[in-house]
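Geometric and topological summary
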Amino acid sequence: MKKAGFISLAVLWATLFVGEYLLMSPGTVPIGIASPTPDFWLEVDVGVALFSIYVVFMGPIRNLFNKKLPKITNFFQRKVRIPTALRIASLVVGIVGIFVFGFWMIADVLGGLNGYGYSLSTHPYLTTIYNTFGLNYISSFMKNDIHQSSVGAESTLFFSLALIFLIVFQLNRGIGTALKDTITLFAAPCLIAFELALWYFATPDMTWHVATFLSVGGVYDYGYRALSGGQYLVSNWFVLLVAIILAATRLPGLGWPSKILWNRQGKHVSSPF
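What comes next is a walk through the structure. In this text the structure is predicted, and so the values were computed from the model without any measurement. Within any chain, residue numbers begin from 1 and follow the written order of that chain's sequence. Since the coordinates come from a predicted model, pLDDT governs what is reported: local features require at least 70, and pairs of side-chain atoms require 80 or more to be given and counted, while whole-chain, interface and lining totals use all residues. Computation of side-chain values covers all heavy atoms of the structure but excludes hydrogens and water.

**Focus on the overall build of the chain**
Our working rule: Secondary structure elements follow DSSP: runs of H or I of four or more residues count as helices, runs of E of two or more count as strands, with numbering from the N terminus. The globule rule used here is 2.2 Å times the number of residues to the 0.38 power, and the radius of gyration it is set against is calculated over C-alpha atoms. Partly exposed describes any residue whose relative accessible area lies between the buried limit of under 20% and the exposed limit of over 50%, with all areas from a 1.4 Å probe on protein chains only and scaled to the type maximum. For this analysis, residues touch if any pair of their heavy atoms sits within 4.5 Å.
Helix and strand counts for the chain stand at twelve helices and zero strands. N-terminal to C-terminal, the α/β element order of the chain is α-α-α-α-α-α-α-α-α-α-α-α. Taking 2.2 N^0.38 as the reference for a compact globule, 273 residues should give roughly 19 Å; the C-alpha atoms of the chain span a radius of gyration of 21 Å, in line with that estimate. Residues classed as buried in the chain amount to 40% of the 273 residues present. Sequence-distant contacts in the chain: of pairs separated by 6 or more residues, those separated by 24 or more amount to 71%.

Shown next, in the form of C-alpha cells:
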C-alpha cells in the first residue's frame, strides 16, 4: 500500500471514529442552531455526486490529458530543480505560516462561542506566545482586533502562504505531485482536525461562517454570533465536507472502478497530477 493511501485511510478512519463519538455525545450532538442546514445537505449531495463522477471518469479524463493535452500533462509531470537555499527558505516560511494558522485555530477552538479574546484572557500561555513570537505585530499590521473574527482573514492568509511555500519546497518531486500531496495529505488533514476540534468545543459554530469575509449566504455580523442569521454557504460543516472529500481522493484502489469500465485492456494510465 502506498504511503499516501495509508495516510488517507488513517485520516478518514480517525475522522469517522471521532465523528461518531461527537454525534453520540450529549454535549456535542448537532441539534438546534448547530444542526446542519438544508443548504449544507445540498452541498453534501453535490459533493458526493462530484466525487462519484471523479471516481467513474478518472480513466477517460487521464486519457484525455495524456493524448489530447500533452502539454498540460508534461507541465504537471515536470520536476523543477529549486536551489537548496530557496527550498530551505520556502520550508521556513511554510512553517511560520503553519505556526500562525495553528495558533489562531487553537485560540478559536479554546475560545469556543466567546471568541479569540476570551481564549487569550483565560489561557495566559496563549498571550505569552502572542506577544513573544510577534503575533501582536502581525495583527497590528493587518489591523486585526483579537476580540473580533477579523483574525480569520489573517489565519486564512498564513494558511495559504504555508500551502504555497510547501508546494515550492516539493517542486523537485514534480509540479503535480507537489500540488496533490500538499492539498490532500497536508491541508485536508489539518482542516479536518480543526473542524473536529471546533465541533467538540463550540458545536453551534459549525453552522457559522468560517471567517467573516466568507459570510456568504448569511448575515455579515462583524464576528458576533448573536447577530448571525441565514444559512452560510461556506460554513464549518462545508469545510469539513470538502476536507474529507479531498482526503478520500487518495484512497488506495480508487482508480479501479474507472479502469474496469473504461480501460478493459488493463493498460496502465498515468495521471498528469
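Now, onward.
**As for the packing of aromatic side chains**
For clarity, the threshold we go by: Pairing of aromatic rings covers Phe, Tyr and the six-membered ring of Trp, with a centre-to-centre limit of 6.5 Å; geometry is then stacked below 30 degrees between planes, edge-to-face above 60, and tilted otherwise. Placement of a charge over a ring requires the Lys NZ or Arg CZ to be within 6 Å of the ring centre, with the centre-to-atom vector within 35 degrees of the ring normal.
Following the criterion strictly, the structure yields 13 aromatic pairs and no others. When the ring of W13 is compared with that of F17, the centres are 5.5 Å apart and the planes differ by 10°; the resulting orientation is stacked. Taken together, the positions of W13 and F17, both in helix α1 (residues 3–24) and four residues apart, correspond to about one turn of that helix. You'll find W13 and F17 in the same group, each marked exposed. Arranged with centres 5.3 Å apart and planes meeting at 55°, the rings of F99 and F133 form a pair that is tilted. On the criterion of sequence distance, the pair formed by F99 in helix α5 (residues 84–111) and F133 in the loop between α7 (124–132) and α8 (135–141) is long-range, its members being 34 residues apart. Its relative accessible area of 35% is what places F99 among the partly exposed residues. Joined through ring pairs, the aromatic side chains of F40, W41, W199 and W237 make up one cluster. Across the ring face of W256, the terminal group of K259 is positioned such that the distance to the ring centre comes to 4.6 Å.

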